[in-house]
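Here are the chains, one letter per residue:
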Amino acid sequence: LKSQNVCKVTFRLSKADAPGAEQVHLVGEFNGWDPSATPMKRLKSGEFAATLPLEQGRSYQYRYLVDMDTWQNDGDADGYVPSGFSGDENSVVNV
């Protein structure tokens, strides 16, 4: 957005990466890791998407929570960092 130091970022989780999913939530630093704060919209293609305004010049860690049960990383992330939990990694987006 030209009037602010913000960029709209669209996150997508493909149908193949979440087969049979009923719901997916985007969880990360931008929403305080709140599992219910950012539900993603299911598209006609079967993928899930959410668009957020994020401050430019930063990196954000995030993951997808499928059916409030299974954590999924983003295969198209800009990078990955250790999460500190059981050897898992968080996805990273650079804005």
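Reading the values: rules and limits
- Residues numbered from 1 in each chain as written.
- Predicted model: local features only at pLDDT ≥ 70, side-chain atom pairs only at ≥ 80, totals over all residues.
- Heavy atoms only, no water.
- Helix = DSSP H or I, 4+ residues; strand = E, 2+ residues; numbered from the N terminus.
- Buried < 20%, exposed > 50% of the residue type's maximum accessible area, 1.4 Å probe, protein only.
- Contact = heavy atoms within 4.5 Å.
- Pairing = 2+ DSSP bridges.

Visitor: Just checking my understanding: could you explain the side chain of His 25 for this structure?
Guide: Looking at where His 25 falls in the secondary structure, it is placed in strand β2 (residues 24–28). What makes His 25 buried here is its relative accessible area of 7%. If we ignore the near neighbours within four places in the chain, the residues touching His 25 are Pro 35, Ser 36, Thr 38, Pro 39, Met 40, Arg 63, Tyr 64, Leu 65 and Met 68.

Visitor: Please explain unusual backbone geometry as it appears in this structure.
Guide: Excluding glycine, residues mostly carry a negative phi; peptide bonds, for their part, are mostly trans. Positive phi, normally seen in glycine, also occurs at Trp 33, with a value near 55 degrees. Positionally, Trp 33 belongs in the loop between β2 and β3 (41–42). On the accessibility criterion, Trp 33 (34% relative accessible area) is partly exposed.

Visitor: Got a minute to help me understand the pairing of strand β8 (residues 89–94) in this structure?
Guide: Looking down a regular strand, the side chains alternate between one sheet face and the other. For strand β5 (residues 59–66) and β8, the ladder comprises 4 bridges, and the chain directions are antiparallel. If you follow Gln 61 over to β8, its bridge partner there is Val 92. Bridge count between strand β7 (residues 79–82) and β8: 4 bridges; the pairing is antiparallel. When the bridges of β8 are listed, Gly 79 appears paired with Val 92.

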